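Given next are the chains, with one letter for each unit.
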Amino acid sequence: MKKTKWFDDKKKYYVFRSLNKRFLIPVWVLVMLDGGLSIEQIGVIAIIGVAIGLILEVPSGAISDAIGHKRTLVLAMIGQGAAMLFFAGGGFWWFLAASITYYAMGTFMTGTHQALFYERLIELGEGDKYRKYSGIARTVSSGWSMVAVAFAGIVYAFSPMFAFAVGAGLFWIGAIVVSTMKQAKRKRSVQKDEGFWAVFTHFKTASRTMLKDRRLFWLTIANAFIFSAPMAVLEFQQVIFENIGIVAAVFGFIYAAKRGISMLFSTFIHRITRSLSATGALFIMLCLAALYFFGFGFLQNQMLIIIVALLPSIVVVIQDVVISDFRNKLIPTGSRATTISFGNFIGGILKAVILGAITLLTLFVSIEIAHVIIGAALVISCLYLIPMTAKAFRA
């Protein structure tokens, strides 16, 4: 019997997933508020960051497919670590530089780590266990993140500079870990055959894949709408927390609770979703997202708000494990990261639009009412998108 290494590639992936998180996420907006920025300025920074990520999303996937998924992830982690240090500069321009760097480098992460892990599992003969191992990866990363973010607010209150340094260091350790993983062998070396033009080849192949398979097309579109809406406004919850009297020191523990919920669901998500259809998963995600938007719009009770704040964590688990599994099975090997990036690209467009909308809405209504309006728009959109997805899978 072949002896399995204690620290094999699956376990390295679990560690990598744990370290590719923002340590500063519980105080991400608070850092900028403390730096003297207004909600409108924070919105502008977020929109620019998302726009940069949007522009680079699909090209980054193609570059990843061309130069190698592992190499791409190492570069992404190094860049995102540098972004954490830019926050130490303080002021609008340093915060803008940090946001641009973070989102730009983040585009080389999205889709790439899923492609690397899925194709490695196929090479190991365990491709059919992707949902299981992906769930374990999220459980491990959520467990670690739960501990990390619980102390993020405390560390920031004690020493902002130390908090920025910790955030950068975690990304850089993650770069070292992923660099030791083995990348699945290519059936054909696109780099060798086409050189730089491999980027355009992957883009062309991914475009055809998306347009040819209606199941993949509608699943990608619907998922982008449902997933991107709560993710776009997620950090604005820190403003609502302050509005109802939740102190900043508690923020970290709220985010830790989110990770706890994510860890709990990730543990058995592959078991309870075995017979769940793609449209069923989308419908559950929509219900959770709607409760989040309307909850933040109407609730004033601190405990109920905290409970509602946990719901997007379940949406993330379903998207990251279940929807990802459906999409990976529909995508041919070869331009996987590029094809996944198309979905992220669409999601990026929606994030930019929603960020712009909520920023403009706050000029006329409260941040709470802005959440209600965004939530209503999401539900109305999905009255068309989910039935179209269901029709594509029935065909």
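Here the structure is shown first, and the text comes after it.
As the structure is a computational prediction, the values presented were derived from the model and not from experiment.

> Got a minute to help me understand the nonpolar core in this structure?
It is characteristic of soluble globular proteins that their nonpolar side chains tend to be buried jointly. Core analysis: the largest hydrophobic core is formed by 67 residues, its most contacted members being Val-233, Phe-241, Leu-282, Met-285 and Phe-296. Examining the composition of this core, we find that 13 residues originate from one element, helix H11 (residues 214–233), more than from any other.

> Can you help me understand the environment of Ala-370 in this one?
Mapped onto the elements, Ala-370 comes out in helix H18 (residues 367–394). Separated by 76 residues in the primary sequence, Ala-370 and Phe-294 have C-alpha atoms spaced 9.9 Å apart. Look past the residues within four positions of Ala-370 in its chain and what remains in contact with it is Ile-358, Leu-361 and Val-365.

> Would you mind showing me how to read the packing of helix H4 (residues 69–86) against helix H5 (residues 92–106) here?
Packed helix pairs are specified by the crossing angle of their axes together with the interaxial distance, meaning the distance between the axes. Two elements in contact, H4 and H5, have axes separated by 8 Å at closest approach and are oriented at 165°. The orientation of H4 relative to H5 falls into the category roughly antiparallel. Here H4 and H5 pass one another in a crossing that is left-handed. Touching Leu-75, Ala-76, Gly-79, Gln-80, Ala-83, Met-84 and Phe-86 of H4 are Trp-94, Ala-97, Ala-98, Thr-101, Tyr-102, Met-105 and Gly-106, all from H5. Across the contact of H4 with H5, the residue classes tally to 10 nonpolar, 4 polar and no charged.

> Even after reading the chapter, I still don't get the packing of aromatic side chains, so can you show me in this structure?
Pairs of aromatic rings are described using the distance from one ring centre to the other and the angle between the two planes. A full pass over the atoms with the stated rule returns 16 aromatic pairs. Measuring from centroid to centroid gives 6.5 Å for Tyr-102 and Phe-171, while their planes differ by 65°, and the two rings are edge-to-face. Taken together, the positions of Tyr-102 in helix H5 and Phe-171 in helix H8 (residues 160–179) put the pair 69 residues apart, joining distant regions of the chain. As far as burial versus exposure is concerned, Tyr-102 and Phe-171 are alike and both buried. Between Tyr-292 and Phe-296, the aromatic rings sit 4.8 Å apart at their centres with planes inclined by 50°, giving tilted as the arrangement. Of this pair, Tyr-292 and Phe-296 both sit in helix H14 (residues 278–298), 4 residues apart, which is roughly one turn of the helix. By relative accessible area, which is 0% here, Phe-296 ends up buried.

> Quick question: what am I supposed to make of the pattern of salt bridges here?
One side chain can pair with another of opposite charge once the charged atoms of both are near each other. Across all of its chains, the model carries 9 salt bridges by this definition. For Lys-10, the salt bridge is made with Glu-126, and the minimal N-O distance between the two is 3.2 Å. With Lys-10 in helix H1 (residues 9–19) and Glu-126 in the loop between helix H6 (112–123) and helix H7 (130–158), this pair connects stretches of sequence that are 116 residues apart. The same class applies to Lys-10 as to Glu-126, namely buried. What you see here is one network of salt bridges that share partners, running through Asp-9, Lys-12, Arg-120 and Glu-123.

> For this particular structure, what's the right way to read the side chain of Asp-320?
Looking at the element boundaries, Asp-320 is found in helix H16 (residues 311–330). A polar contact of 2.8 Å, which involves the side chain of Asp-320, links it to the side chain of Arg-17. Not counting the four nearest positions on each side in its chain, Asp-320 is found in contact with Arg-17, Gln-114, Tyr-130, Ser-134 and Arg-138.

> It is not clear to me how a nonpolar patch on the surface should be interpreted in this structure. Could you clarify?
Taken together, Val-147, Phe-151, Ile-154, Val-247, Val-250 and Phe-253 make up a surface patch of nonpolar side chains, about 510 Å² in accessible area. For the nonpolar patch, the secondary structure elements donating two or more residues are H7 and helix H13 (248–272). Top contributing element to the nonpolar patch by residue count: H7, with 3 residues. If you trace the backbone, Val-147 turns up in helix H7.

> Looking at this structure, how should I read the packing of H14 against H16?
At a minimum axis distance of 9 Å, the contact between H14 and H16 shows a crossing angle of 160°. What the angle tells us is that H14 and H16 run roughly antiparallel. For the pair H14 and H16, the sense of crossing is left-handed. Here H14 contributes Ala-278, Ala-281, Leu-282, Ile-284, Met-285, Leu-288, Ala-289, Leu-291 and Tyr-292 to the contact with H16, which in turn contributes Leu-311, Pro-312, Ile-314, Val-315, Ile-318, Gln-319, Val-322, Ile-323 and Phe-326. Looking at side-chain class alone, the contact of H14 with H16 contains 17 nonpolar, 1 polar and no charged residues.

About the thresholds
Residues numbered from 1 in each chain as written. Predicted model: local features only at pLDDT ≥ 70, side-chain atom pairs only at ≥ 80, totals over all residues. Heavy atoms only, no water. Core = buried A, V, L, I, M, F, W, Y, C linked by side-chain atoms within 4.5 Å. Buried < 20%, exposed > 50% of the residue type's maximum accessible area, 1.4 Å probe, protein only. Helix = DSSP H or I, 4+ residues; strand = E, 2+ residues; numbered from the N terminus. Contact = heavy atoms within 4.5 Å. Axes fitted to C-alpha atoms, helices over the stretch in contact; angles between N-to-C directions. Parallel < 35°, antiparallel > 145°, perpendicular 65-115°, else oblique. Left-handed = near helix turned anticlockwise from the far one by under 90°. Nonpolar A, V, L, I, M, F, W, Y, C, P; charged D, E, K, R; others polar. Phe/Tyr/Trp six-rings, centres within 6.5 Å; stacked < 30°, edge-to-face > 60°. Salt bridge = Lys/Arg side-chain N within 4 Å of Asp/Glu carboxyl O. Polar contact = N/O pair within 3.5 Å; in protein donor to acceptor, adjacent residues only side chain to side chain. Patch = residues over 30% accessible without salt bridge, like charges linked within 9 Å, V, L, I, M, F, W, Y side chains within 5 Å. Areas by Shrake-Rupley, 256 points an atom, 1.4 Å probe, with all protein chains shown as cover.

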